[in-house]
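Examining the three-dimensional arrangement
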Amino acid sequence: MIDLSTRYLGIDFKNPLIASSSPLTANLEDCKKLQDSGIAAIVLPSLFEESVQQEQKQLEKFVHSQALGNFEADSYHPVPDNYKSEIDNYLEHLHQLKSNLDIPVIASLNGISNSGWIEYGKELMDAGADALELNVYYIAADPGQTGADVEQRYLDLLNNLHKHINIPVTMKLSSQFSSVSNMVSKLQANGAEGVVLFNRFYQPDIDLDTLKLSPQLNLSDPMESLLRIRWIALIRGRVDLSLAATGGFHTVESVLKALLAGADAIYLCSVLLTKGPEFCTELLTQLKNWLTEHEYESVEQMKGSVSQFCAIDPAAYEHSNYKDVIKNYCSKKEHT
Ligand SMILES: Cc1cc2nc3c(=O)[nH]c(=O)nc-3n(C[C@H](O)[C@H](O)[C@H](O)COP(=O)(O)O)c2cc1C
């Protein structure tokens, strides 16, 4: 009997596959299908503080303009009693998932202000979220802002939030830090229970006809998993917090590599959107088969066995193989 269980954010998961934030996890029926196909946990789509604030502003404007109008005028529309705000809907969905599913549900928050992180973080905890993921999507375009300033923003927000909530917090990070390892260890020191490596930034494109920016949302490419696997391998053993991989995990091979590198959990999004929630069952069967063929008894046994800490050739994860790769490429070219 192969044991697929893993521990992530101090919680026991029946296997390492987690459904990452996406429109799939916004829908109760899809979440039930994900659970039936064996997924170990679900991360909700992010609650965006910016959208909550915009909605509140619009509502205040509406109420204000109505108050100035005549109650008897035909155009008077009071706010309906059953009006639900974005946050109400989010909490209701979280509540529905908690009542209908047996697997852990992780809420996700994208904030812009300190008070927003704390207020909504507390609401999500009170609504029963098993853990909270912080999706910190911040583009530092101001040349006056240093890397240290940006890092401090992350650390301050985590520190403040940590004082107010008592569920595990994991940070979904971008890969664009000068020292990812150092940043992860600082996050740990400031209360993060885990990190999710790496968020994908959606790049705006320029439309050559209109000369306007057009936002692009492309699903991931499997090659993207290699960056995640490398960094997990470099970090595992050097820090003491949970590590999850996200970005480009479409096959059992990439899931196995992430586990060997040291991931505690692997997030799936694009592959579930394209192949459907049922694909998780296939991945789990393939995972079990590989472990059996390679005489592993459990996921725990293999986790991190090819991390840099344990690797036969640790330098291969760093710069030293750069020139060899180029040399190999050039000699292959010469022979073709
Ligand atoms: C349509 C769509 C919506 C997403 N929404 C969110 C979101 O609300 N919050 C978040 O943190 N990530 C979001 N993501 C990112 C995914 O959760 C995931 O981290 C990313 O797509 C990389 O994983 P993948 O290669 O398996 O797709 C979204 C991705 C897609 C494709």
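Rules and cut-offs
Residues numbered from 1 in each chain as written. Predicted model: local features only at pLDDT ≥ 70, side-chain atom pairs only at ≥ 80, totals over all residues. Heavy atoms only, no water. Helix = DSSP H or I, 4+ residues; strand = E, 2+ residues; numbered from the N terminus. Buried < 20%, exposed > 50% of the residue type's maximum accessible area, 1.4 Å probe, protein only. Contact = heavy atoms within 4.5 Å. Areas by Shrake-Rupley, 256 points an atom, 1.4 Å probe, with all protein chains shown as cover. Right-handed = clockwise from strand over helix to strand, strands pointing away. Pairing = 2+ DSSP bridges. Phe/Tyr/Trp six-rings, centres within 6.5 Å; stacked < 30°, edge-to-face > 60°.

Of regular secondary structure, the protein chain possesses 12 helices and 12 strands. Every one of the 336 residues in the protein chain was classed for burial, and the buried ones make up 46%. For the protein chain, restricting intrachain contacts to residue pairs at least 6 apart in sequence, the fraction spanning at least 24 positions comes to 71%. Of the roughly 18,000 Å² of accessible surface on the protein chain, 52% is carried by carbon and sulfur atoms.

It is worth spelling out the pairing of strand β7 (residues 169-173) at this point. Of all five residues in β7, five are buried, a share of seventy percent or more. Following the chain from strand β6 (residues 131-135) across helix α5 (residues 147-164) to the adjacent parallel β7, one finds a crossover that is right-handed. Here β7 pairs with strand β8 (residues 194-197) via four bridges, running parallel. Across the sheet, the residue bridging to Lys172 is Val196, located in β8. The parallel pair β7 and β8, bridged by helix α6 (residues 180-189), forms a crossover whose chirality is right-handed.

Moving on: the packing of aromatic side chains. Counted according to the given criterion, the structure contains four aromatic pairs. For the ring pair Tyr8 and Tyr267, a centre distance of 6.4 Å and an interplane angle of 90° mean the geometry is edge-to-face. With a gap of 259 residues between them, Tyr8 in strand β1 (residues 6-8) and Tyr267 in strand β12 (residues 265-268) connect regions that are remote in the sequence. Ring pairing ties together the aromatic residues Tyr8, Phe13 and Tyr267, which thus form one cluster.

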